[in-house]
Amino acid sequence: MSELARLALLRRLLTTTPAPGVVVGIGDDAAVLTQGSGSLVWTVDTAVEGVHSQRAWATLRDIGWRSFMAAASDLAAMGAAPRGALSALVLPATFTDADLEELALGQAHAAAALGTPIVGGNLSRGAELSITTSVLGEAPRPVLRRGARPGDIVAIAGRLGLAAAGLEALGRGALPGSASMTAAIETWRHPRALIAEGLAAGSTATAGIDLSDGLALDATRLAAESGVSIVLDADRILAVGGPDLTEVAGLLSIAPLDLALYGGEDYALLMTFAPHEIASSFTAVGQCDAGDGIFLRLTDGTRQKIAARGFDHFPATG
């Protein structure tokens, strides 16, 4: 059973009891609870060593930073400002006090960069390093995945494909050999949750999602929740990736469009807007249509369907 199928199963089993004050439960980037005239937005994310990071490729300070930013990115996608976080750590027996200090410094620096405190958490021992970060935020109008409409413009804030290129380079044992390669590796090691961009788009965006598992897969999730199809322009997607992506993709002998569509861990924001209401920090890359599925529009105007492929914790086997 794939990750999408398992998420659907959990959604079906765990959302049977209505809860007062819960506006959005399982199925979006974060949960939404009412609070006075606004809403509380609450998310949780877990980073497990060997799945989300390798100490051969990143320092513990990097890992602490990445884990916090990955969780906070969900709030950015919903146009929410973080107000506080909890951090639960599972540490292997070999983890030293110095290791813990480095990990905590990474988390602390990320929290400070976003202007939100870590207010508590939990500490336990386990087989491998695991970091669970829960971030609570608030938004006057949370941006959900289900609001896109046919005719809306699809736009992106942030970069595409560069983090995947950096991870691929590290996996091959490559060292920074050019400014573009250095930028790709740094993009993977030090992502940043685009909180300001999400807040700026919150008043006009019709739907949104953060791009953690790859543009093709995450766009499919938004399209499915909204009941629309999405057409992405290949040339515009490559432009969002920028010249660094084109250069590093060439060095790795990978098509830059594949990295941009399927790479993952960009922590960019994909949002939809009514025409002429696109937030200034976003770049238009396509549009919403009636129907379902994700399509790529090539330079000659032809369309081809894109598979919902990206990072999956539970890929099909056999």
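Residues numbered from 1 in each chain as written. Predicted model: local features only at pLDDT ≥ 70, side-chain atom pairs only at ≥ 80, totals over all residues. Heavy atoms only, no water.

A. Representation of the overall build of the chain in the model. A count of helical and extended segments in the chain gives nine helices and 13 strands. Considering the chain as a whole, with its 318 residues, one finds that 47% of them fall into the buried category. Restricting to contacts in the chain with at least 6 residues of sequence separation, those with at least 24 account for 83%. Within the structure as shown, the chain displays about 14100 Å² of accessible surface, and the carbon and sulfur contribution to it stands at 56%. (Helix = DSSP H or I, 4+ residues; strand = E, 2+ residues; numbered from the N terminus. Buried < 20%, exposed > 50% of the residue type's maximum accessible area, 1.4 Å probe, protein only. Contact = heavy atoms within 4.5 Å. Areas by Shrake-Rupley, 256 points an atom, 1.4 Å probe, with all protein chains shown as cover.)

B. Expanded view of the sheet that holds strand β11 (residues 283–289). Taken together, the seven strands give an open sheet; going across it, the order is β8-β10-β7-β11-β9-β12-β13, and neighbouring strands pair in mixed fashion. A strand with exactly one partner marks an edge of an open sheet, and here the two such strands are β8 (205–211) and β13 (303–306). On average, each strand axis in the sheet is inclined to that of its neighbour by 30°, with strand direction left out of account. Sheet topology note: the β8/strand β10 (residues 268–273) ladder contains six bridges and is antiparallel. Its bridge partner being in β10, L211 is matched across the sheet by A268. Strands in contact with helix α7 (residues 215–226) are β7 (153–157), β8, β9 (229–233), β10, β12 (294–297) and β13; relative to β8, the strand with the most contacts, it is inclined by about 145°. Packed onto the sheet, helix α8 (residues 234–252) meets β7, β9, β11 and β12 and runs at close to 65° relative to β9. (Pairing = 2+ DSSP bridges. Axes fitted to C-alpha atoms, helices over the stretch in contact; angles between N-to-C directions.)

C. Layout of the packing of helix α4 (residues 162–171) against helix α5 (residues 179–189). As a packed pair, α4 and α5 sit with axes 7 Å apart at the nearest point and diverge in direction by 100°. When the axis of α4 is compared with that of α5, the two are roughly perpendicular. Taking contact as the criterion, the partners of L162, A163, A165, G166, L167, A169 and L170 in α4 are, on α5, M181, A183, A184, I185, T187, W188 and R189. In terms of residue class, the contact of α4 with α5 is made up of 11 nonpolar, two polar and one charged. (Parallel < 35°, antiparallel > 145°, perpendicular 65-115°, else oblique. Nonpolar A, V, L, I, M, F, W, Y, C, P; charged D, E, K, R; others polar.)

D. Focus on the pairing of β12. By the bridge criterion, four bridges tie β9 to β12 in an arrangement that is parallel. Along β12, the bridge assignment pairs L232 with L296. Linking β12 to β13, which pair antiparallel, is a turn of five residues; within it G301 sits at a positive phi near 95°.

E. Fine view of the packing of aromatic side chains. Tallying each qualifying case throughout the model produces one aromatic pair. Positioned above the aromatic ring of W188 is the side chain of R66, whose terminal nitrogen or guanidinium carbon lies 4.2 Å from the ring centre. (Phe/Tyr/Trp six-rings, centres within 6.5 Å; stacked < 30°, edge-to-face > 60°. Lys NZ or Arg CZ within 6 Å of the ring centre and 35° of its normal.)

F. Highlighting unusual backbone geometry. The phi dihedral of E265 falls on the positive side, at around 60°, and the residue is not glycine. Looking at the element boundaries, E265 is found in the loop between α9 (256–262) and β10. Unlike most non-glycine residues, H276 shows phi in positive territory, near 75°. Position of H276 relative to the elements: it lies in the loop between β10 and β11.

G. Just the pairing of strand β4 (residues 81–91), in detail. As paired elements, β4 and strand β6 (residues 130–139) share nine bridges and run antiparallel to each other. What sits directly across from V90, in β6, is S130. Looking at chain direction, β4 and strand β5 (residues 118–125) are connected through seven bridges and run parallel. Note on β5: the bridge partner recorded for A88 is N122. Read as a crossover between parallel neighbours, the route from β4 over helix α3 (residues 97–114) to β5 is right-handed. (Right-handed = clockwise from strand over helix to strand, strands pointing away.)

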